[in-house]
Amino acid sequence: MAFIEAQSLSKTYTRHNAPKSGGISRLWRREIQQIQALTDASFSIERGELVGLIGPNGAGKSTTVKLLTGILTPTGGECRVNGRTPWENRREHVRHLGAVFGQRTQLWWDVPIRDSFLLLRDIYDIDHAVWQKRLDALVEALELGEFLNAPLRQLSLGQRMRAELCGSLLHAPELLFLDEPTIGLDAVSKLKLRAFLKEENRRNGTTILLTTHDMEDMLALCSRVMVLGRGRLLYDGALDALLRQYDTVHTLRVVFEEAPEIAALPAHVTRDGDAYVLTYEPAKMPTSELLPQVLSAGRVREMTLKEQNVDELIARMYKEMAL
Amino acid sequence: MNMNARLRSLRPYMTVFRLRALMETQYRAAALGGLVTQVFFGLVYIFLYTALYAGNSPEMLRDTITYVWLQQMFFRMMFSSDGELTNLIMSGGVAYMLVRPVDQHRFWVCRDVGGRLVGAMMRLIPMLAVQFILPRELRIGLPDGWLSLAQFGLSLLIGCVCLCELMSILDAINMKTLDKRGVSAILNLTMMTFSGNVIPLTLFPDGLQTLIRYQPFAQALDAPIRMYQSCAALPEWALTVAVQLVWIVILRWIGRSMWQRRLDNMTVQGG
């Protein structure tokens, strides 16, 4: 049996809306709407996997995470995490989990972060010596040393995120949930954080489930990705394969010395200032065939070839999946 | 479970108590502000009662002054709320709270006790110092002996726990309404009246005394103050403490079941 097994997980929320019409009766009338946040999701994840969870806002990513942590009880379906049903004995279940919810904080605002870590030590009932060793290792890896005794409110965003991550890993959880861990971080901090997560996964075999809108995170960390949209699991597989499937359009930007013979160009052409932008599908028209034709259309001063970036790919994928 | 394991399982609650207490010591400016306010209100009430008694029954006036000072000294214990829980719920940070393997209700009650006790201490000590510069007739009276003071202290600790159990019920309601203003407004008024902050409960009509002494709001501060003012004989003392403990049990039972319901039905907002 896999480490995480989910069978047709579903979750429905009830939302109370104000009625569209009606004056004073709006005070006591309300319309009840059922929101299907997750529909019939089945998947399994092996121990030590690093899985990315993507999808547009409201796709059901957080609902999935909350079901796996046991915070929410599903309206249907089954789930086992290392043999445990998350929502049945939540207190026992969460003992083995770590979570970082970007934009939220688990550390206390007004006390030194070291004291927050002490509280976590006692909450997870970690042996003092084990805790100290683990803390030292994390402090070194995450470079927390210089502000371990500063209160959280005096740390920068990047420092804070590193401190949060340290807090979530102190009890060496077997499963780590990361909800947008790099949000708001600068390039250097992002790179450091990614390197750290990879190392943590490699060394301790921690299973990591990552939700993010940052595709660079995905590329750097996850070989497997699950795409959610409107509460459904739309894709589950390798990230490379997914990208290749949508990476079908290239763009060639050409500036000519003098006006070229447009009709001769075998691609969709638009103007951008004095440049001609050619969009084509390499599968139908290989670049090696297109280039000679472009060169023969006129004297070329400048030329750049562009693949689609990941964000554009994902946007296209969402569009094609009608999300 | 053996003794050692039991103690270990209590550690998170002791640590959260300590941490919240430590946090409270950082709010020194707030403590100073509280000191000024409480001294001011204390003096206003005392002038009022002095005028009211107009030289009659100086004995009762003395007791009333003592009562007023003790109420003001422990104001922070009675009326403080850091609103952290509501913040967590509104910001979604409650997700973190829910992934902790602790008894949530007990955790928050212990946290509250730590904040209230230390918050009260930080105002109590300077307020005692202020007593020395006040004219003799405005000062707090001494306790009715060492035993009386000990009774007061112990009963106050129990009273603080009782109060926090009561507040946990308020928290449970806030978890549902997501806005603490409404319920807090009602509760604050009720509490000020029935805990003896507006008028000392000892001044309520004699016919109402039994009722007024045994209602839950009187358990936190009024019960200890009565011991401070007159040393209770053992049976009476035992009765008072028993009433406090009974209220703890009742309020805890209500609070726990409400928390259980709320945590089971919690929807974590956003993101």
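Everything below is about the structure shown above.
The rules behind each value
- Residues numbered from 1 in each chain as written.
- Chains lettered and ligands numbered in written order.
- Predicted model: local features only at pLDDT ≥ 70, side-chain atom pairs only at ≥ 80, totals over all residues.
- Heavy atoms only, no water.
- Phe/Tyr/Trp six-rings, centres within 6.5 Å; stacked < 30°, edge-to-face > 60°.
- Helix = DSSP H or I, 4+ residues; strand = E, 2+ residues; numbered from the N terminus.
- Buried < 20%, exposed > 50% of the residue type's maximum accessible area, 1.4 Å probe, protein only.
- Lys NZ or Arg CZ within 6 Å of the ring centre and 35° of its normal.
- Pairing = 2+ DSSP bridges.
- Contact = heavy atoms within 4.5 Å.

Enquirer: Explain the packing of aromatic side chains to me, please; I cannot follow it from the model alone.
Expert: Aromatic ring pairs are described here by two measures, namely the spacing of the ring centres and the angle between the planes. Inspection of the entire model under this criterion finds 7 aromatic pairs over all chains. Ring geometry for Phe101(A) versus Tyr96(B): centroids 5.0 Å apart, planes at 70°, classification edge-to-face. Residue Phe101(A) is located in strand β5 (residues 97-101), and its partner Tyr96(B) is located in helix α6 (residues 94-98); the two belong to separate chains. Summarising the aromatic geometry, the rings of Phe40(B) and Phe41(B) are spaced 5.7 Å apart at their centres and angled 85° between planes, so their arrangement reads as edge-to-face. For Phe41(B), a relative accessible area of 39% translates into the label partly exposed. Here the aromatic residues Phe74(B), Phe152(B) and Tyr228(B) are joined through ring pairs into a cluster of three or more. For Arg121(A), the ring lying beneath its charged end belongs to Trp131(A), and the centroid distance is 5.2 Å. Its guanidinium or amino end placed over the ring of Trp108(A), Arg111(B) lies 4.8 Å from that ring's centre, counting from NZ or CZ.

Enquirer: Before we go on, may I ask you to explain unusual backbone geometry in this structure?
Expert: For residues that are not glycine, phi is negative in most cases, and the peptide bond is trans in most cases. In this structure, Glu143(A) is a non-glycine residue whose phi angle is positive, near 55°. Secondary-structure assignment places Glu143(A) in the loop between α4 (128-142) and α5 (157-169).

Enquirer: Can you help me understand the pairing of strand β12 (residues 275-280) of chain A in this one?
Expert: In the case of a regular strand, side chains alternate between the two sheet surfaces. All names here are of chain A. Of all the 6 residues making up β12, 5 are buried; the element is thus mostly covered by neighbouring parts of the structure. As judged from the 6 bridges shared by strand β10 (residues 250-256) and β12, these two strands associate in the antiparallel manner. For threonine 251, the partnering residue across the bridge sits in β12 and is threonine 279. Direction of pairing for strand β11 (residues 268-272) relative to β12: antiparallel, over a ladder of 5 bridges. Within β12, the position partnered with arginine 271 by the bridge is tyrosine 276. Linking β11 to β12, which pair antiparallel, is a turn of 2 residues; within it glycine 273 sits at a positive phi near 65°.

Enquirer: What is the right way to look at the environment of Thr85(A) in this model?
Expert: Residues and elements named next belong to chain A. Looking at the secondary structure, you find threonine 85 in the loop between β4 (76-81) and α2 (90-94). Given the relative accessible area of 13%, threonine 85 is considered buried. For the pair threonine 85 and isoleucine 4, spaced 81 residues apart in the sequence, the C-alpha separation amounts to 10.0 Å. In this structure threonine 85 touches Cys79 and Arg80, once residues within four positions along its chain are discounted.

As far as function goes, none of this settles anything; it's purely spatial.
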